[in-house]
Amino acid sequence: MAAPLLQSDVSLKPLNTFGVEARARYLAHIEDAAQLEPLLDDPRVRDLPRLVLGGGSNLLFAGDFDGLVVKIDIGGLRELEAGSETWRVEVGAGENWHATVERLVAGGRPGLENLALIPGQVGAAPIQNIGAYGLELAERFESLRAWDTERRQVVTLALADCAFGYRDSVFKHEAVGRRIILSVTLALPRTWMPVTGYADVGQELVARGVSQPQPRDVFDAVVAIRRRKLPDPAALGNAGSFFKNPIVSRDKRAELIAKFPSLVSYPLAGGRFKLAAGWLIDAAGLKGATRGRAGVYERQALVLVNRGGATGGEILALAREVQDKVAEKFGVRLEPEPLIV
Ligand code: EPU
């Protein structure tokens, strides 16, 4: 298949949900996996740094990208032969995540509704093992297909190969763009059970008068909660949670609770605790803060926003201030969640 069109000196502003200006030396859109090999062999880009872009919803451009940006536009959704306990659906990496969740729920293949309205594309979901409202992708994942740029072939990675953790996977521990995800195969439970343990979801369903939730009820509840708490990137640039919720020892958590009784934390296996980073930032007095054109979102302190025309550098400077103030007050260092390019 012919190599895709290579554009040079392209603005990445429309391709990142923070809406910051950054330029790429080269950009190519990939609609078919077969276009990858000729693109990566093109002498103009062969030796340049590479960035694979999905929905651009989990990254921050700190400056221009002097390399090749590969924008994945591979579509498609097909049902595979069902397993004994799961419906199996293979989805192209370029499909929009939320539209896929909605389509599956509407088509009688529920199981992802707690992950409704997460921005981005299907191919990006495994990279950070997207999660929300009591569910992580890993729980509905069977395998993925990727183009391995080192082995120069399509490879299949099963659940165990992906080493999923909290906002983590094998892809975060290898060179950026080494394996380019082409499609994801989901395993959706044939016996559906609502996941309503997360307090917000349970409360929202009660508020809606739903006692025996159907998939669409959970989907609608999650959409409503997210719309209330999280800014729409089309209106206010952002990349969702900017920091991961930090994980601390039992002792550290006990020391903090003694000083800050309203600290929000969740017990994990192994005696450790996850702290709500949003609470820490809020308690450090930074919720709603504005520095230049960058800000901390008023309704959820874990989200940094572009209030209009911010540069990646301004957002990064605010992120550092948040990290420093939280570290000073609580002795906990927050780690950014999006990829910083
Ligand atoms: N909180 C505050 N002040 C704030 C924000 C939060 O006190 O400004 C408190 C809340 O009251 C609550 C706790 O912190 O008690 C947790 O807040 P929330 O339920 O909003 O969830 P989160 O831990 O802040 C995580 C994910 C979100 C995901 C939600 C729901 C991470 C980094 N973030 O946020 O994911 O939607 O849980 O499951 O794990 C994302 O990754 O981009 C994202 C939005």
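Shown above is the structure to which this text applies.
Report on the accompanying structure. (Residues numbered from 1 in each chain as written. Predicted model: local features only at pLDDT ≥ 70, side-chain atom pairs only at ≥ 80, totals over all residues. Heavy atoms only, no water.)

**Some details on the sheet that holds strand β7 (residues 86-92)**
Hydrogen bonds along the backbone pair up the strands of a sheet, which may run parallel or antiparallel. The condition that has to hold: In this analysis, strands are considered paired if DSSP registers two or more bridges between them. By the criteria applied, helices consist of DSSP H or I runs no shorter than four residues and strands consist of E runs no shorter than two, each listed in order from the N terminus. Axis lines are fitted through C-alpha atoms, for helices just across the contact stretch, and the angle between N-to-C directions can take any value from 0 to 180 degrees. The contact definition used throughout considers only heavy atoms, calling two residues in contact when any of these lie within 4.5 Å.
Across the sheet, five strands lie side by side as β6-β7-β12-β10-β11; this open sheet has antiparallel pairing. In the strand order of this sheet, the two ends are held by β6 (77-80) and β11 (153-158), each with one partner. Going across the sheet, the axis of each strand differs from the next one's by a mean of 20°, ignoring polarity. Strand contacts of helix α2 (residues 97-106): β6, β7 and β12 (179-189), with the helix running at about 45° to β6, the strand carrying the most contacts.

**Focus: the site of the ligand**
The line we're drawing: Think of it this way: one heavy atom of a residue within 4 Å of a molecule or strand is enough to make that residue near it. Polar contacts here mean pairs of N or O atoms no more than 3.5 Å apart (in protein, one a potential hydrogen donor and the other a potential acceptor; neighbouring residues in sequence count only if both atoms are side-chain atoms). Side-chain classes follow a simple rule in which Ala, Val, Leu, Ile, Met, Phe, Trp, Tyr, Cys and Pro form the nonpolar group, Asp, Glu, Lys and Arg form the charged group, and the remainder, Gly included, forms the polar group.
What surrounds the ligand is a group of 23 residues, the closest being Y133, Y166, Y198, S241 and D282. In the environment of the ligand, a nitrogen atom lies 2.8 Å from a nitrogen or oxygen atom belonging to the side chain of D282. A distance of 2.9 Å separates an oxygen atom of the ligand from a polar side-chain atom of Q300. The element that contributes the greatest number of residues to the shell around the ligand is helix α6 (residues 277-283), accounting for three residues. When its residues are assigned to classes, the shell around the ligand shows 11 nonpolar, five polar and seven charged.

**Some words on the side chain of E204**
Among the secondary structure elements, E204 is positioned in helix α3 (residues 199-207). Polar side-chain contacts of E204 include one of 2.7 Å to the side chain of R228. Apart from the residues lying within four places of it in its own chain, the contact partners of E204 are A221, A224, I225 and R228.

**With respect to the sheet that holds strand β5 (residues 65-72)**
Pairing within the open sheet is mixed, and its four strands lie in the order β1-β2-β5-β3. A strand with exactly one partner marks an edge of an open sheet, and here the two such strands are β1 (7-11) and β3 (50-53). For this sheet the average axis-to-axis angle between neighbouring strands, irrespective of direction, equals 40°. Of the strand pairs in this sheet, strand β2 (residues 23-30) and β5 are connected by six bridges, and their pairing is parallel. Looking at the pairing, I30 lines up with I72 of β5.

**As for the nonpolar core**
As a rule of thumb, soluble globular proteins bury nonpolar side chains together. Note the threshold: Here, nonpolar core refers to any group of buried Ala, Val, Leu, Ile, Met, Phe, Trp, Tyr and Cys residues whose side-chain atoms link them within 4.5 Å. Burial classes follow relative accessibility: with a 1.4 Å probe on protein chains only, a residue under 20% of its type's maximum area counts as buried, one over 50% as exposed, and anything between as partly exposed.
L39, L68, W97, L112, L115, L144 and L186 are the most contacted members of the largest nonpolar core, which has 57 residues in total. In contact with L112, other than residues within four places in its own chain, are W97, V101, L104, L135, R140, L186 and L188. L27, L59, F273 and L275 belong to the second largest nonpolar core, which has 46 residues in total.

**Details of the pattern of salt bridges**
Worth spelling out the cut-off: A carboxyl oxygen of Asp or Glu within 4 Å of a side-chain nitrogen of Lys or Arg is what we treat as a salt bridge.
Under the defined criterion, the tally for this structure stands at 26 salt bridges. Two residues, D9 and R23, come together in a salt bridge whose shortest N-O distance is 2.8 Å. Residue D9 is found in strand β1, and its partner R23 is found in strand β2; the two are separated by 14 residues along the sequence. Judged by its relative accessible area of 32%, R23 falls in the partly exposed class. Of the charged contacts in the structure, one is a salt bridge between D148 and R178, with a shortest N-O distance of 2.8 Å. Here R178 lies in the loop between β11 and β12 and D148 lies in strand β10 (residues 141-148), a separation of 30 residues in the sequence. A residue is classified by how much of its surface remains accessible, and D148, at 0% relative accessible area, is buried.

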